[in-house]
Every structure is written in C-alpha cells, then in structure tokens.
Amino acid sequence: MEYRIEKDSMGEIKVPADKLWGAQTQRSYENFQIGTEKIPSELVTVFAYLKKAAALVNKELGVVDSQRADAIAAACDDILAGRLDGNFPLAVWMTGSGTQFNMNVNEVVAHRAMQILKEKGEAVTVHPNDHVNHSQSSNDIFPTALYVAGLILVKKKLFPAMEVLFRDLHAKAEEYMNIVKIGRTHLQDATPLTLGQEFSGWARMIERDKEMLTAGIDFLRDLAMGGTAVGTGINCPEGYDVKFAAMLSTLTGETFHTAPNKFQALTSKDELVTVHGMLKALACDLMKIANDVRWLASGPRCGIGEITIPENEPGSSIMPSKVNPTQCEAVTMVAVQVMGNDAAMGIAASQGNFQLNVFMPVMAYNLVQSIRILSDVMDSFRRHCVVGIQPNLKKIDYNLHQSLILVTGLVPLVGYDKACMIAKKAAKEEMTLREAAVETGWVTSEQFDTYMDPAKLAGVKK
C-alpha cells in the first residue's frame, strides 16, 4: 500500500495515499481496533449537511472567506452524493464525545475542498480546524447530528414503513370484520370478537405509535450548535446559532431551532431517551402482533390454526414439510434488540457529567440501528407475512362453538351463578351448551338462540 505523510499537533503519521482523511483520523483508526461496529453512514450524511450549513453561515458572517466556504460546501455535496464513500472508517468505540469522527469529516472535507480549488487553478489551503470546523466544537456538532439524524430517519425511513404496515393491517381488518371467532385472555377462551376486530387492534397500535413519535421528534428540533466547547459559545460569532438552525432548515427541508439553553443541550440527552423510548414502544407492539400471528397460525393441525400465513421457506433440516413463522421470529428478534438498545440509551444518557455527555457514539449507533431495523423488519413482515394472511374458516367456526365461555351471553337472562353452573354441567357431562342450558329448565331453546348468537355477542351489526 502506498502512503503519504500527514502531520498534526502530535507529529507525523502515515496515511493511505488513496484516502482523503488526515492524521487525527488515522490515529483513531489505529488506536481503536475494537469490534466491527462503525459510525453509521447515516451520521456521515447528516454531518455533511451540518458542515455545509456551517460553511455557508461562516461565509455570511464573514469569519470564513467565500473561496474556502464555497469549496467546503462543494465537498459536502460530494459526500451527500456518495462520491466520497470509503473515507469514513472509524469505530463506534472511540472517544465518547465523537471528536475523532468530527475530525474525520473535517479532514476529508478539507482535503476534498483543496482538490476542488486546485481543479480551478486556485492553490489555497483549507484547514480542517480553522476553516471546516470554524464556529464549532465536537461537543456541539455531535449532539446536533444525533438529533438531526433521529428526526430525519424517523420521518424519512420509519414513518413510511409504519404507514404501509398500518394500511395493510387496516385493510385486513375491514375484510375480516364479519368473521366471528373466539376471543382469548390469559391464553384461555374468552367472549367472541371478529377477526377484523382483532386486526383493527394491531392496526391501531401502529397508528398510535406513529402519533406518539410524531409528537416526540419535535423535541429533536432544538439544536446544540453554537454552544461549542461547554455551552458558552466560545469562538463562535454572535448570531451564529440562530442562523445555523435557519440554514440547516433550508438545506434539509425540516424546521430546526437553536436550543434555548446550550448547557442543557450539550450535557443532557433526555430528548433522545424520550424518542428512543417511543421506538421501544413500537418494538413492544410489534412483538405482541408477531406473537399473536404465530399463535393464531400455530399448527397447522395440532395448534390453534385459525389463520394461515405464507409458506416462504422450509422450516427444518430434519422434519420434512415443516414450515415455520420465520417473519414473526424476525420481528421478535428485532424487538428484543431495540429493547436492549433502549436500555443502553438510558444508561448512556444518565452519564452526562458536568458539561458534556461522553457516550454519544454508542447512542448514535443504537439510535440509527433501532430505526433501521424497525423500518426494515416492518416492511419484511408486511410483504412476506401480513398481506398473505388468510382465515381458516373451518377451524375458526369449530373453536368458536367448542368454547364454553359463550355462556357469558346467558348472564343477562339467568345471572352469573346459573350461567356458571350451565357451563360446568356441559363440561362435566360432555354436553353442548345448548343441551346443558335447556336441560336445566332455566333457558328455552328459543331464548338460547336469541342470547347466544356469537355475532351479536361480538357486536356485529347484521
């Protein structure tokens, strides 16, 4: 491999000749060979927006000249276009402030900006600290990136997946609204409902989670940028924070504001904890939906078997013809991962000692991963499972009429105690509910038919 020599305040170091990063990136790359987890590409994209906004505001305020600021902005556009992929190699497990990743971006942008200027015949030096990082600190740009990434990813990636999953669950709810089935509570028989009503509960879970997240991500619109090192705004021109938020809003199409208190914005990550908690709530609902689906589809002959799900791939290396609810299993594994991520997010956020939280890279990794895998698994579950769910009408009807809990419909006629006695009589003497009820003399056949209509018990209007 060919190398070039780069310098920083600590001296010289070899850097791969085909890479745009500099000395500080190389030192981090060599010193933190930990795991395989890298700073997510989504954060690289967000940093490009932040560096471009910073350059344009610095130009407007006259603290960075137009020549350099425009070249920095152009270099950021190259990152956004994917032309500089492969230049961001750093591990999540680095300094907790994310300083080395900030410098990775600064060095790549500075190097590319100089190339852009050279291509124009302008031999101008662009310094990663003095120019690209002007008016900033890792301590305010990294938390800013966390909030911007969270908001944009939720809106652009998570919400579309939630919307189509809700749409297809809601469509099933409408389609199956008149299919009466037995209900279950405590894994025991309960009063009837319709399959459509069951689906409607699942659909509403997704809809409600989106409503909560819509409110929650508004807390991510207040940005730490302008607080610089400890929240005082040292080396940051007056008015920069407000102008930066406005510029970023223009570049991203989202509305951002400067945080009213930069000391809180640098050290506290309460807004992230809130939003990720809502991601956990979504994970909990997805876990419940996936579990319900695989229970209802269990069998196919020796389980509940009230619905069928698509048979996507063989389920066993030893049992011929076995097919498993694999999409449900993927959902539940993702849910567990997100719940674990949420625990890590909460612990990390609690460690905001003095003026800075130093657990930000792992928070970035967990936040991005949670949004990414929730979005992907909802889309997979929808396409490969939900749309192919079909009712097993024969099994639904059999289970419905086998249940003794239908006797609940007789309570208004004979009271709780007598209804209980009828059910116990039917169970003990292996009779139908109709036979047991009529034999007691408390209920006529006509009354039984009136009070024990399963559709009526489920609230279906004929």
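Note that the structure is predicted; figures quoted are calculated from it, not measured. (Residues numbered from 1 in each chain as written. Predicted model: local features only at pLDDT ≥ 70, side-chain atom pairs only at ≥ 80, totals over all residues. Heavy atoms only, no water.)

A. Representation of the overall build of the chain. Broken down by element type, the chain carries 18 helices and eight strands. The globule rule puts the C-alpha radius of gyration for 462 residues at 23 Å, and the 30 Å found for the chain is more than 25% above it. With respect to the three principal axes, the spread of C-alpha positions in the chain is 100 × 50 × 35 Å. Counting over 462 residues, the chain shows a buried share of 51%. Residue pairs at least 24 apart in sequence account for 72% of intrachain contacts in the chain once pairs closer than 6 positions are excluded. Per element, the accessible surface of the chain, about 21,500 Å² overall, is 53% carbon and sulfur. (Helix = DSSP H or I, 4+ residues; strand = E, 2+ residues; numbered from the N terminus. Rg over C-alpha atoms; globule rule 2.2 N^0.38 Å. Buried < 20%, exposed > 50% of the residue type's maximum accessible area, 1.4 Å probe, protein only. Contact = heavy atoms within 4.5 Å. Areas by Shrake-Rupley, 256 points an atom, 1.4 Å probe, with all protein chains shown as cover.)

B. Spotlight on unusual backbone geometry. Between Gly299 and Pro300 the backbone carries a cis peptide bond, its omega angle lying at 10 degrees. Position of Pro300 relative to the elements: it lies in the loop between helix H10 (270-296) and strand E7 (307-308). Even without being a glycine, Asn235 presents a positive backbone phi close to 65 degrees. Position of Asn235 relative to the elements: it lies in the loop between strand E5 (222-223) and helix H8 (240-252). The phi angle at Glu430 is positive, at roughly 55 degrees, despite the residue not being glycine. Within the secondary structure, Glu430 sits in the loop between helix H15 (416-428) and helix H16 (433-440).

C. Spotlight on the pattern of salt bridges. For the structure on display, the rule yields 32 salt bridges. A salt bridge links Arg27 to Asp8; its shortest N-O distance comes to 2.8 Å. Remark: Asp8 occurs in strand E1 (residues 3-8) and Arg27 occurs in helix H1 (residues 23-31); sequence separation between them is 19 residues. The buried category is assigned to Arg27, whose relative accessible area is 18%. (Salt bridge = Lys/Arg side-chain N within 4 Å of Asp/Glu carboxyl O.)

D. Geometry of the layout of surface pockets. Within this model, the largest pocket holds a volume of roughly 410 Å³. If you go around the largest pocket, you meet 17 residues; those closest to its centre are Ala297, Gly299, Pro300, Glu311 and Val323. Broken down by class, the residue content of the lining of the largest pocket amounts to seven nonpolar, seven polar and three charged. By volume, the second largest pocket amounts to about 350 Å³. What lines the second largest pocket is a set of 15 residues, among which Arg184, Glu198, Lys288, Asp292 and Leu296 lie closest to the centre. Of all the elements in the fold, those that place two or more residues in the lining of the second largest pocket are strand E3 (180-185), helix H7 (195-216) and H10. Counting residues per element, the lining of the second largest pocket draws most heavily on H7, which supplies five residues. (1 Å grid on protein atoms, 1.4 Å probe; cavity = no way out; pocket = protein on both sides within 12 Å on 5 of 7 lines; lining within 4 Å. Points joined across faces, edges and corners; volume = space filled by probe spheres on them. Nonpolar A, V, L, I, M, F, W, Y, C, P; charged D, E, K, R; others polar.)

E. Structural detail: the environment of Arg112. In this structure, Arg112 sits in helix H4 (residues 99-119). Here the alpha-carbon distance between Arg112 and Gly239, two residues 127 residues apart in the chain, equals 28 Å. When residues no more than four places from it in sequence are discounted, the contact partners of Arg112 are Leu20, Ala75, Asp78, Leu84 and Glu119.

F. Examining the pairing of strand E2 (residues 11-16) more closely. One ladder, built from six bridges, connects E1 with E2; its direction is antiparallel. Across the sheet, the residue bridging to Tyr3 is Pro16, located in E2. If you look at the hairpin formed by E1 and E2, you'll find two residues sitting between the two strands. (Pairing = 2+ DSSP bridges.)

G. Looking closely at helix H11 (residues 326-349). Between its first and last C-alpha atoms H11 spans 34 Å; for 24 residues at 1.5 Å apiece the expected length is 34 Å, and the two agree. Every buried residue of H11 is listed here: Gln327, Cys328, Val331, Thr332, Val334, Ala335, Val338, Asn341, Asp342, Met345, Ala348 and Ala349. Residues of H11 that are buried sit in contact with H10 and helix H12 (360-384). (Expected span 1.5 Å × (residues − 1).)

H. Just the packing of aromatic side chains, in detail. The final tally for this structure, using the stated rule, is seven aromatic pairs. An aromatic cluster is present here, built from Phe47, Phe101 and Phe142 joined pairwise through their rings. The ring of Tyr3 carries Lys14 above its face, with NZ or CZ at 5.7 Å from the centroid. Note that Lys210 overlies the ring of Phe159, its terminal NZ or CZ placed 4.7 Å from the centroid. (Phe/Tyr/Trp six-rings, centres within 6.5 Å; stacked < 30°, edge-to-face > 60°. Lys NZ or Arg CZ within 6 Å of the ring centre and 35° of its normal.)

I. Geometry of empty space enclosed by the protein. Inspection of the entire model under this criterion finds one cavity of 30 Å³ or more. Lining the largest cavity are 13 residues, and of these Pro310, Asn312, Asn324, Pro325 and Thr326 sit closest to its centre. Tallying contributions element by element places H11 first for the lining of the largest cavity, with three residues. Taken together, the residues of the lining of the largest cavity break down into six nonpolar, five polar and two charged.

J. Region of interest: the packing of H10 against H11. The N-to-C vectors of H10 and H11 enclose an angle of 160 degrees; their axes lie 8 Å apart at closest approach. In terms of orientation, H10 and H11 fall into the roughly antiparallel class. As H10 packs across H11, the resulting crossing turns out to be left-handed. Residue composition of the contact of H10 with H11, grouped by class: 17 nonpolar, six polar and four charged. (Axes fitted to C-alpha atoms, helices over the stretch in contact; angles between N-to-C directions. Parallel < 35°, antiparallel > 145°, perpendicular 65-115°, else oblique. Left-handed = near helix turned anticlockwise from the far one by under 90°.)

K. Looking closely at the side chain of Arg68. Counting through the fold element by element, Arg68 comes out in helix H3 (residues 66-80). Looking at Arg68, its side chain comes within polar contact range of the side chain of His131, at 3.5 Å. Once residues lying within four places of it in the same chain are set aside, the contact partners of Arg68 are Val124, Thr125, Val126 and His131. (Polar contact = N/O pair within 3.5 Å; in protein donor to acceptor, adjacent residues only side chain to side chain.)

L. How the structure looks around the packing of H3 against H4. Two numbers describe how H3 lies on H4: the axes approach to 8 Å, and their chain directions differ by 110 degrees. By the angle between their axes, H3 is roughly perpendicular relative to H4. Classified by chirality, the crossing of H4 by H3 is right-handed. Two secondary-structure elements touch here, H3 through Gln67, Ala71, Ile72, Ala74, Ala75, Cys76, Asp78 and Ile79 and H4 through Val109, Arg112, Ala113, Ile116 and Leu117. Partitioning the contact of H3 with H4 into residue classes produces ten nonpolar, one polar and two charged.

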